Amino acid sequence: MLFQFFLLRWQCGKEETEGASKGFSSAATYSKPRLATFWHYAKVELVPPSPAEIPQAIAGIKNILAGFNSGRLGQTTVKDAFRNGMVCTEVLMWFYIGECIGKGGIVGYAV
Amino acid sequence: MFLHEMYETSLLSLALIKTKKRTDLFRIIDLICYQHSTLACALPQFYNSNMVPPVVVSPVIKTARWSFLLIGIFYGKQRYDYLKPRAEEERRVEEAEKKIREEQEKIAKALVEASEDTILK
């Protein structure tokens, strides 16, 4: 039904060549609640670590290393190992996203 | 309840199409979009608990993500600055070589044309 409304909008817009800016207002009203849900999750999940959390992170990494040395990590189940592998992959991919930002393009260096 | 309002506004929009009042029609469509978007998102979904509460991410993962992001930005910038002068140099060298090559080709072609024995010139 939403598609039909946008189709109607588009068809009306075709006949009016001057009022092109009106198309954005309906897009804004459509995306505002979605933006709200995005912010609702991003405020908790995507926020950078506060200065208090960085020592915790270092302690956590030391914990992992200790577990690796003691052999405790060999006891993880396949399910847990798979889940941890997925999380590690996602964390590593942020490096490539940063690289894309740094080089100013998605594919290749624009030299 | 929402469906009834949408039905009303859609009837109104159809009536407005006939009268060809464009600005009113745009306003009605904005209203429909807003109604549908509030239907689809925002509070009712949270009350019906279809959306999960946000996950509290562990500090290890948070620092790892952001540090990789920053390292990646830094690396991308460094690599770009390293590659840019080299690419320009290579382009310059390529231009010069291409010019020399074209000169030689022109000379070779002129020689070939001069030495062929045809009367069809």
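Quick caveat, the model's predicted, so the values are computed rather than measured. (Residues numbered from 1 in each chain as written. Chains lettered and ligands numbered in written order. Predicted model: local features only at pLDDT ≥ 70, side-chain atom pairs only at ≥ 80, totals over all residues. Heavy atoms only, no water.)

**Q** Explain the overall build of chain B to me, please; I cannot follow it from the model alone.
**A** The helix and strand tally for chain B stands at 4 helices and 0 strands. N-terminal to C-terminal, the α/β element order of chain B is α-α-α-α. Sorting the 121 residues of chain B into buried and exposed places 22% on the buried side. (Helix = DSSP H or I, 4+ residues; strand = E, 2+ residues; numbered from the N terminus. Buried < 20%, exposed > 50% of the residue type's maximum accessible area, 1.4 Å probe, protein only.)

**Q** Teacher, can you tell me more about the overall build of chain A here?
**A** Counting its secondary structure elements, chain A contains 4 helices and 0 strands. Counting all 111 residues of chain A, 20% fall into the buried class. For chain A, the exposed surface amounts to about 8000 Å²; the carbon and sulfur share of it is 70%. (Areas by Shrake-Rupley, 256 points an atom, 1.4 Å probe, with all protein chains shown as cover.)

**Q** Sorry if this is basic, but what is going on with the layout of surface pockets here?
**A** With a probe scaled to a water molecule rolled over the atoms, the places where space remains empty come into view. Put simply, the largest pocket is a space of about 560 Å³. Around the largest pocket, the lining is made up of 19 residues, and of these I64, N84, V87 and C88 of chain A together with V60 of chain B lie nearest the centre. At the level of secondary structure, the elements contributing two or more residues to the lining of the largest pocket comprise α3 (53-70) and α4 (78-103) of chain A together with α4 (59-115) of chain B. For the lining of the largest pocket, the element with the highest residue contribution is α4 of chain A, accounting for 8 residues. Per-class residue counts for the lining of the largest pocket are 12 nonpolar, 5 polar and 2 charged. Y41, A42, E45, L46, V87 and E90 of chain A together with V55, V56, V57, I61 and R65 of chain B together form the lining of the second largest pocket. At the level of elements, α2 (22-45) and α4 of chain A together with α4 of chain B are the ones that each hand at least two residues to the lining of the second largest pocket. Broken down by element, the residue count for the lining of the second largest pocket peaks at 3 residues, all from α2 of chain A. Within the lining of the second largest pocket, the residues separate by chemical class into 8 nonpolar, no polar and 3 charged. (1 Å grid on protein atoms, 1.4 Å probe; cavity = no way out; pocket = protein on both sides within 12 Å on 5 of 7 lines; lining within 4 Å. Points joined across faces, edges and corners; volume = space filled by probe spheres on them. Nonpolar A, V, L, I, M, F, W, Y, C, P; charged D, E, K, R; others polar.)

**Q** Hey, could you run me through the UniProt feature "coiled-coil region" (unreviewed entry) in chain B in this one?
**A** The feature "coiled-coil region" (unreviewed entry), as annotated in UniProt, sits at residues 86-113 of chain B in this numbering. Each end of residues 86-113 of chain B is marked by a C-alpha atom, and these two atoms are 40 Å apart; helix forms 100% of the span and strand 0%. (UniProt positions renumbered as here; feature names shortened; annotations may be inferred.)

**Q** So what exactly am I meant to see when it comes to the pattern of salt bridges here?
**A** Where charged atoms from two side chains of opposite charge come close, those side chains can pair. The full count for this structure, using the stated rule, is 5 salt bridges over all chains. A salt bridge links E90 of chain A to R65 of chain B, with the nearest nitrogen and oxygen atoms 2.8 Å apart. Note that E90 of chain A is positioned in helix α4 and R65 of chain B in helix α4, a pairing that runs across two chains. Classification of R65 of chain B as buried rests on a relative accessible area of 16%. The residue D81 of chain B makes a salt bridge to K77 of chain B at a minimum N-O spacing of 3.5 Å. (Salt bridge = Lys/Arg side-chain N within 4 Å of Asp/Glu carboxyl O.)

**Q** Before we go on, may I ask you to explain the packing of aromatic side chains in this structure?
**A** Two descriptors summarise a pair of aromatic rings, namely the distance from one centre to the other and the angle between the planes of the rings. Evaluated as defined, the whole model comprises 3 aromatic pairs over all chains. Here the aromatic rings of F95 of chain A and Y75 of chain B are separated by 5.6 Å at their centres, their planes lie at 40°, and the arrangement is tilted. Here Y75 of chain B lies in helix α4 and F95 of chain A lies in helix α4, a pairing that spans two chains. Taking the relative accessible area as the measure of exposure, F95 of chain A reaches 17% and is therefore buried. Owing to a relative accessible area of 36%, Y75 of chain B belongs among the partly exposed residues under this scheme. Cluster of aromatic residues (ring-pair linked, three or more members): F95 and Y96 of chain A together with Y75 of chain B. (Phe/Tyr/Trp six-rings, centres within 6.5 Å; stacked < 30°, edge-to-face > 60°.)

**Q** Honestly, a negative patch on the surface in this entry has me stumped. Any pointers?
**A** Taken together, E90, E94, E95 and E97 of chain B make up a surface patch of like negative charges. As for its placement among the helices and strands, E94 of chain B is situated in helix α4. (Patch = residues over 30% accessible without salt bridge, like charges linked within 9 Å, V, L, I, M, F, W, Y side chains within 5 Å. Lys, Arg positive; Asp, Glu negative; His and termini not counted. Charge placed at Lys NZ, Arg CZ, Asp CG, Glu CD.)

**Q** So what exactly am I meant to see when it comes to a nonpolar patch on the surface here?
**A** There is a patch of nonpolar side chains on the surface, built from L35, F38, W39 and L46 of chain A and spanning about 430 Å² of accessible area. Tracing the backbone through its elements, the reader meets W39 of chain A in helix α2.

**Q** Could you clarify how one ought to interpret the confidence of the model for chain A in this entry?
**A** Any region with low pLDDT has predicted coordinates that should not be read closely. Confidence in the prediction for chain A averages 83 pLDDT; 78% of positions are at 70 or higher. In the model of chain A, helix α1 (residues 2-15) of chain A stands out as the element of lowest mean pLDDT, 63, in contrast to α4 of chain A, which has the highest, 95. (pLDDT = per-residue confidence, 0-100.)

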